Structures are given as structure tokens and as C-alpha cells.
Amino acid sequence: MKEELKFLCPNGHLGFAPTKEGSYYLGVREKPDFILCDSGSDDIGPGPLGADVCASPREWQTHDLELMLVEARRLGVPMIIGSAGDTGTNSRVDMYLEIITELARKHNLPKFKLGYFYSEVDKAYLKAKMDQGGMIEGLDGRPNLTYEQLAKTDRIVAVAGVHPFMKLLEMGADVIIGGRSSDCAIFAAPAMFHGFSADLSYYLGKVLECASFNAEPYGGKESVLGTITREEVKVKAMHPQQRCTVASVAGHAMYERSNPFFEYVAGGVLDMTHCHYEQYDEKTCKITGPQFRPIEGKIKVKLEGSSKIGERYIGIAGIRDPYTIKNIDQVIGWARNQVEEKYGTSGYELHYRVFGKNGVMGDLEPVKESKSHELGIVVQGVAPTKEMAEEITMIGTRQLFYARLPEVKGTAGGAAFMLDEVLPASPGYVWTLNHVVSVDDPLELFPVRLMEVG
Amino acid sequence: METVKLVDLAKTIRSKNAGPDKITFDIIFREKENYDLVKSSGVVSRERICDIYNLQASEIADFVEFDPAYAIKFTIYRRRPSGSPGESDVFGCQQYAPLLDLEIPVAL
């Protein structure tokens, strides 16, 4: 059994912005035992999952996969990717398999085993669970899943823990392309497969998953190297100007989670309350003391689901008249009214964001009295058809121009248009599932497969 | 009493999604002294956050003082999930600005 393993993470979200090559090749020189990262996030909103598309160009994703594949095969070490193509849907996994196969041909790589798993969830599977009295529990204050919410949902992925990755390593995979996965499981799985403790393995994943976001000074898309031993995890920044410090690594525990002490994955919770951070050398931080507590009873797997609200158009208007600015709510009220006169108050959505007032923060904005001398208004109309979305957005935008304010001096038009048209945007989607489902077998939602490439 | 703005004491003040239904805020200090000063001032509190962001107490999901990173962290529920039509900060990353100007009392 090995006493130490090294993990090279080149990117905190593969393909979202291209991996920086300098620090990556410095990392490769350290002879890692694994090259691995995640390629997905729910940060990008519900659109890509709902529409089953990527949030990043294929070219960027190919670039990052190529860097990893070529060096992993040259070193003869496994390459592991989770959450393929931003969302981890089946089509994104297939797309990555295609890219890997093309790259293997391009570089004339000797034969290797390409393992993969899917993570899309059939609505019928969840319905059957609910029919049998099973609850699909809501997270973050959401109610449990209803039949109605389920029926509305267009696409669902389950978030894998270590299980499918460990299974594929056991089957001898050299390269793994995962469907939607918990970021930290991508790293924890190979460490646990080689017999390292769950406590340190999950922590290793937690600290590595965002690559150089755990280093300082701030700079994304640079590589970091994690090392696990029987007693500790070490993490080292590969960029010559970056360091992993106690502050940067401890600070990263907080990133993108509600509570810095706990990280929940399929199978349990990582408790970082008793983590001890120590500066090991100039560029390296050493961590001891994390604890992983396996769940009692059935494993709970997180589900993400997205539902289409409708087709969407965008309108843009500018306001410069100070009197109009002062009465902007009335102006928007007028325009909204014109839409309601034709379409009533339901069956569509019409949203106004007023930049210069509270466009970024909306109701959370504490500044109530705007001092802006001009306002930018973005109008969004969402409706069942493109034609209707276009029309409500057009009425909602153009009627800003016709708004009737009693004392306005400018009577030739109340709003300035960059262009007197409304623009087609991607359809509107909403997150309908942020839930967990209990499973008997942690692999039941994640079918694993192996093929030969090269 | 003299006051100093939070922006002049903290190294990092940021906000970001914590899943689709929450936004989390981090106030991180380089020096332990500044962290202790702000922590003991009580200015950054659940009540004050509700006040700043027009929230009900139940809309705060978490409030944590995180000693290992010299950080104060709190998390709020979004009123609508990230990226819903009409939302304008899909990453939740521009919601921290009102914290910058918080006045922290300092004894001179």
C-alpha cells in the first residue's frame, strides 16, 4: 500500500475558462499519481441543465481535456473528470467521450480504458418512489417534491458521491468521465480506493476542487497539487507567484457554502470543525484533523432539476429626464398596464430591472434614494410562445416611451432606445429540484460502463 | 467614538451562491486584531444584516464566526432561485457592497 499519493488539479471548473498552461506543466513535473478536476457547477443557473447545453465553448473544454489526457497517458496515471460539460447530463458525458476519443486518435495514444457513468434521473423513477410513499426531501428550506413540481421539470441529474468513481477504478479505468458529481468525491474516490482514510480523502477533495482558489494572491485557473498521507493533507500552489497559506486554505473552506464546518456528500458529511492548518513551507499548507461521518441509514443523493418557464425576449431602455427618473415606478407601472390590458395578469412573466436604482440587488438594495442622473432599464418578457414573448417585451419596453406623466416637459418620448427592437434571449428556466432522494444502492442512479480507446 | 469602515479593516468582503437557493457572504481579515475588533464590536450581527438587506430573521440561513480563517460568514436565502427570469445576479457575487461602509467603532 502506498504511503503517499499526489493529485494535480488544473482547473476549478474545466472549460469554463481555459486552464493556464504554465502552472499546469510545473504540476506535471511533480509526477502526480492522478490528474483530475470537475467540469461543472450549479452556479451557471438552471438554463444549461434545462436546455441540455454547455455553458462554455467546446473548444475551451477540448483544450483543457487535451492538456490532461496527453500528460496523464504519458505518465501512465489515471485522469478523472466529474460533472462533464457543466451540467453532467448524459449528452455532456457522451460529448466528452467523443472528445477523448478524437484526442486519442489525434495524439496516436496507445490503447487505454475509458470509464464513464451517467447521472440523469428518469422522472418515472422518482414518481415510482413517491408512489411507494418515499419522500423526495427538499433542501435549503424547500418543501418536499410534489407530483406537480416533478411533472413540470424538464431534466434532472443526481449528484454522485465517490461510489461510481471507485467502481470504475476497480474495473481498471485509466480515464474516467463522470456525470454530475460532488466536486470533492472526484478526489476522495481515488484516495479511498488506495486505502486512505475517508476523513483525509474527503478533505483532500474539498480543498482541491477549486484549484488555485485556495491560494493567494487571487488568481483562477492555475494548478494546485494535493498530497495525502496516512496523517495529513498538504496542498501546494503551482504558480510561481501563488502560495497556499493557512489563511487562503482555511478561507477556501468557506467558499460557496453556507457553513465552513460541514460539507455534505452522498454518503455522509465532512466535518471540518477540528481542522488544524499549518504553514508547511513557503508554498504549502498542511491540514490535519478533518472528520468524515458516514450517514446512518440509507444514502441520500442530491438531485438538481430545471424546468422551462417559457420563451424569452429582452428590451433595453435608457432614461435621462430627472422628473421621469424620480417617477420611474409610475412609468414602469404604465408600461406594465399596457401589457395587462392585452394579456391580463397571468400566463406570462414581465420583469423590469432598473440599473442606476436597484438593478443589481432588487429588494435587497439598502440605498432607497437613487442619485443617478440616468437609468438603464432591462425588460424581460417570458411567455409560452416566441411571438407572445416578443410582443409583451415590445409593449413593456416601447410603452416606457409613451408613459404619461402629468408634468413631464419632454413630450416627444420618455425613454431613449439603443435600438428600437427587442432581442431574442435563451428561454427562461427555473430550478425546480434542489432535493435529496434515499437510495438502497449508491450505484443505482449512476450506471457505470467501460470501453477501450486508442 | 471614532469609527473605521469595514472595507479598511477586512482583506476580503465577498458574496457568492451557496447552491441555487442561497447566497453566502464572507468577511475575511488578514490580521487577528482586526478580526477580533470587528467580532467584539458586534456590528456585524444577524439583526444588522436584516436591517441592511431588508430581511426577516428567518431569511438568514447561517451566521458563523470562523476563527481559523479570521472570518465572519453569513448566508441568506434567495427569494427566488438563482437564474430565474427576472433575477439579475446569477452568481450572487455583487450583493456584498453595502457591507463595505459599515462603521466599526475603534477605541483610540
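Structure's up top.
Report follows, based on the coordinates. The residue numbers shown here count from 1 along each chain, following its written sequence. Labels follow written order: the first chain is A, the first ligand is 1, and so on. Local features are withheld for residues below a pLDDT of 70 in this predicted model, meaning they are given only at 70 or higher, and side-chain atom pairs are given and counted only at 80 or more; totals for whole chains, interfaces and linings count all residues. As a rule here, side-chain values cover all heavy atoms of the structure and leave hydrogens and water aside.

**Quick notes on the overall build of chain A**
Turning to step 1, where the next piece is worked out: Each helix is a run of DSSP H or I of at least 4 residues and each strand a run of E of at least 2, with the numbering of both proceeding from the N terminus. Assigned secondary structure in chain A consists of 13 helices and 19 strands.
Turning to step 2, where the next piece is worked out: In terms of its C-alpha atoms, chain A occupies a principal-axis envelope of roughly 80 × 55 × 45 Å.
Turning to step 3, where the next piece is worked out: Intrachain contacts of chain A at a sequence separation of at least 6 include 78% that bridge at least 24 residues.
Turning to step 4, where the next piece is worked out: With the model as given, the accessible surface of chain A reaches about 18800 Å², and the carbon-plus-sulfur share is 51%. Residues count as neighbours in contact if any of their non-hydrogen atoms are within 4.5 Å of one another. Accessibility throughout is a Shrake-Rupley quantity obtained with a 1.4 Å probe, and a residue counts as covered only by protein chains that appear here.

**Overview of the overall build of chain B**
Turning to step 1, where the next piece is worked out: Counting secondary structure elements, chain B contains 2 helices and 6 strands.
Turning to step 2, where the next piece is worked out: Secondary structure elements in chain B, listed N-terminal to C-terminal, are β-β-β-α-α-β-β-β.
Turning to step 3, where the next piece is worked out: The dimensions of chain B, computed from C-alpha atoms along their principal axes, are 50 × 25 × 20 Å.
Turning to step 4, where the next piece is worked out: Of the roughly 4600 Å² that chain B leaves accessible, carbon and sulfur atoms contribute 48%.
Turning to step 5, where the next piece is worked out: Lys and Arg are tallied as positive, Asp and Glu as negative. Neither His nor the chain termini are counted. Each charge is placed at NZ for Lys, CZ for Arg, CG for Asp and CD for Glu. Each charge sign in chain B was given a centre, from 14 positive and 17 negative side chains, and these centres are 6 Å apart.

**A few points about the pairing of strand β11 (residues 268-271) of chain A**
Residues and elements named next belong to chain A.
Turning to step 1, where the next piece is worked out: For every residue, the accessible area (1.4 Å probe, protein chains only) is compared with the maximum for its type, and the residue is labelled buried under 20%, exposed over 50%, or partly exposed between those bounds. Taking every second residue as pointing to the same face, both faces of β11 are buried, with G268 and L270 on one and V269 and D271 on the other.
Turning to step 2, where the next piece is worked out: As judged from the 4 bridges shared by strand β10 (residues 262-265) and β11, these two strands associate in the antiparallel manner. Bridge pairing links V265 to G268 in β11.
Turning to step 3, where the next piece is worked out: DSSP calls a pair of strands paired once it identifies at least 2 bridges connecting them. In this structure, the hairpin formed by β10 and β11 is closed by a connection of 2 residues, where G267 is found at a positive phi of approximately 120°.
Turning to step 4, where the next piece is worked out: Strand direction decides the pairing type here: β11 and strand β14 (residues 291-294), joined by 4 bridges, are antiparallel. Opposite V269, over in β14, you have R293 as the bridge partner.

**Section: unusual backbone geometry**
Residue and element names in this part refer to chain A.
Turning to step 1, where the next piece is worked out: Following E216, the chain continues to P217 via a peptide bond in cis, the omega torsion being -5°.
Turning to step 2, where the next piece is worked out: Here P217 lies in the loop between α9 (198-208) and β8 (224-229).
Turning to step 3, where the next piece is worked out: For K31, which is not glycine, the phi torsion reads 55° and is therefore positive.
Turning to step 4, where the next piece is worked out: Assignment of secondary structure puts K31 in the loop between α1 (21-29) and β2 (34-40).
Turning to step 5, where the next piece is worked out: In the Ramachandran plot, E256 falls in the positive-phi region, its phi being about 60° despite a non-glycine side chain.

**A short note on the packing of helix α3 (residues 58-75) of chain A against helix α4 (residues 90-106) of chain A**
All names here are of chain A.
Turning to step 1, where the next piece is worked out: One can describe the packing of α3 onto α4 by two numbers: an axis separation of 10 Å at closest approach and a directional angle of 55°. With respect to α4, the axis of α3 lies oblique. Both α3 and α4 take part in a crossing whose hand is right-handed. Contacts between α3 and α4 involve R58, Q61, T62, L65, E66 and L69 from the former and M95, Y96, E98, I99, I100, E102, L103, A104 and K106 from the latter.
Turning to step 2, where the next piece is worked out: Each residue gets one of three labels, nonpolar for Ala, Val, Leu, Ile, Met, Phe, Trp, Tyr, Cys and Pro, charged for Asp, Glu, Lys and Arg, and polar for the others, Gly among them. Looking at the contact of α3 with α4 residue by residue, the class counts come to 8 nonpolar, 2 polar and 5 charged. In this analysis an axis means a line fitted to C-alpha atoms, helices contributing only their contacting stretch, and an angle means the value between N-to-C directions, from 0 to 180 degrees. Throughout, the term roughly parallel applies to angles under 35 degrees, roughly antiparallel to angles over 145, roughly perpendicular to angles from 65 to 115, and oblique to all others. Throughout, a crossing is termed right-handed when the near helix is turned clockwise from the far one, and left-handed when it is turned anticlockwise from it by less than a right angle.

**Some words on the nonpolar core**
Turning to step 1, where the next piece is worked out: I177, Y203 and Y277 of chain A are the most contacted members of the largest nonpolar core, which has 104 residues in total.
Turning to step 2, where the next piece is worked out: Top contributing element to this core by residue count: α4 of chain A, with 8 residues.
Turning to step 3, where the next piece is worked out: Filtering out sequence-adjacent residues up to four positions away, I177 of chain A remains in contact with I81, A84, V93, Y96, L97, I100, L114, G115, Y116 and F117 of chain A.
Turning to step 4, where the next piece is worked out: Take the buried residues of types Ala, Val, Leu, Ile, Met, Phe, Trp, Tyr and Cys, join any two whose side-chain atoms come within 4.5 Å, and each joined set is a nonpolar core. Counting residues in hydrophobic clusters, the runner-up holds 27 residues, among them L9, V38, V44 and L102 of chain B.

**Thoughts on the packing of aromatic side chains**
Residue and element names in this part refer to chain A.
Turning to step 1, where the next piece is worked out: We call Phe, Tyr and Trp rings a pair once their centres come within 6.5 Å, taking the six-membered ring for Trp, and we label the pair stacked below 30 degrees between planes, edge-to-face above 60, and tilted otherwise. Per the counting criterion, the structure on display carries 17 aromatic pairs over all chains.
Turning to step 2, where the next piece is worked out: Judged by centre distance (5.1 Å) and plane angle (15°), the ring pair of F7 and F34 falls under stacked. One end of the pair, F7, is in strand β1 (residues 4-9); the other, F34, is in strand β2, and 27 residues separate them in sequence. Like F7, the residue F34 is buried in the burial classification.
Turning to step 3, where the next piece is worked out: Each ring, one from Y116 and one from Y118, has its centre 5.7 Å from the other, and the planes form 75°; the classification is edge-to-face.
Turning to step 4, where the next piece is worked out: For Y116, a relative accessible area of 11% puts it in the buried group.
Turning to step 5, where the next piece is worked out: For Y118, a relative accessible area of 16% puts it in the buried group.
Turning to step 6, where the next piece is worked out: Following the ring pairs from residue to residue traces out a cluster consisting of F117, F165 and F446.
Turning to step 7, where the next piece is worked out: Two thresholds decide whether a charge sits over a ring: the Lys NZ or Arg CZ must be within 6 Å of the ring centre and within 35 degrees of the ring normal. Its end group placed over the ring of F196, R230 keeps NZ or CZ at 4.0 Å from the ring centre.
Turning to step 8, where the next piece is worked out: Positioned above the aromatic ring of Y280 is the side chain of K234, whose terminal nitrogen or guanidinium carbon lies 4.7 Å from the ring centre.

**Re the sheet that holds β11 of chain A**
Residues and elements named next belong to chain A.
Turning to step 1, where the next piece is worked out: Taken together, 3 strands build an open sheet; the order of strands is β10-β11-β14 and the sheet is antiparallel. Looking at strand neighbours, the two that pair on one side only are β10 and β14, the edges of this open sheet. Strand-to-strand twist across the sheet, computed as the mean angle between neighbouring axes with direction ignored, equals 20°.

**So, the interface of chain B and chain A**
Turning to step 1, where the next piece is worked out: Taken together, the 45 residues of chain B in the interface contact 46 residues of chain A.
Turning to step 2, where the next piece is worked out: For any pair of parts, buried area is found by adding up, for both, the accessible area (1.4 Å probe) each one loses once the two are put together. In this assembly, chain B packs against chain A so that about 3500 Å² is buried in total across both faces, 57% of it on carbon and sulfur atoms.
Turning to step 3, where the next piece is worked out: Basic side-chain nitrogens of Lys or Arg form a salt bridge, by our definition, when they fall within 4 Å of a carboxyl oxygen of Asp or Glu. Put simply, chain B and chain A have 7 salt bridges between them.
Turning to step 4, where the next piece is worked out: K16 of chain B is paired through a salt bridge with D43 of chain A; the nearest N and O atoms lie 2.7 Å apart.
Turning to step 5, where the next piece is worked out: Under the rule applied, a polar contact is a pair of N or O atoms within 3.5 Å (in protein, one hydrogen donor and one hydrogen acceptor; residues adjacent in sequence only if both atoms are side-chain atoms). Inspection of the region where chain B meets chain A yields 22 residue pairs in polar contact (both at pLDDT 80 or more).
Turning to step 6, where the next piece is worked out: Broken down by secondary-structure element, the contributors of at least two residues to the side of chain B that touches chain A are β2 (12-17), β3 (22-28), α2 (46-53), β4 (60-66) and β5 (71-77) of chain B.
Turning to step 7, where the next piece is worked out: Of the residues assigned to the side of chain B that touches chain A, the class counts are 19 nonpolar, 12 polar and 14 charged.

**Brief notes about the sheet that holds β2 of chain B**
All names here are of chain B.
Turning to step 1, where the next piece is worked out: The antiparallel open sheet is built from 4 strands, whose spatial order is β2-β3-β5-β4. A single partner strand is all that each edge strand has here, and the edge strands are β2 and β4. Strand-to-strand twist across the sheet, computed as the mean angle between neighbouring axes with direction ignored, equals 10°.
Turning to step 2, where the next piece is worked out: As defined by bridge partners, β3 adjoins β5 across 7 bridges and the pair is classed as antiparallel. Paired with F25 across the strands is F74, a residue of β5.

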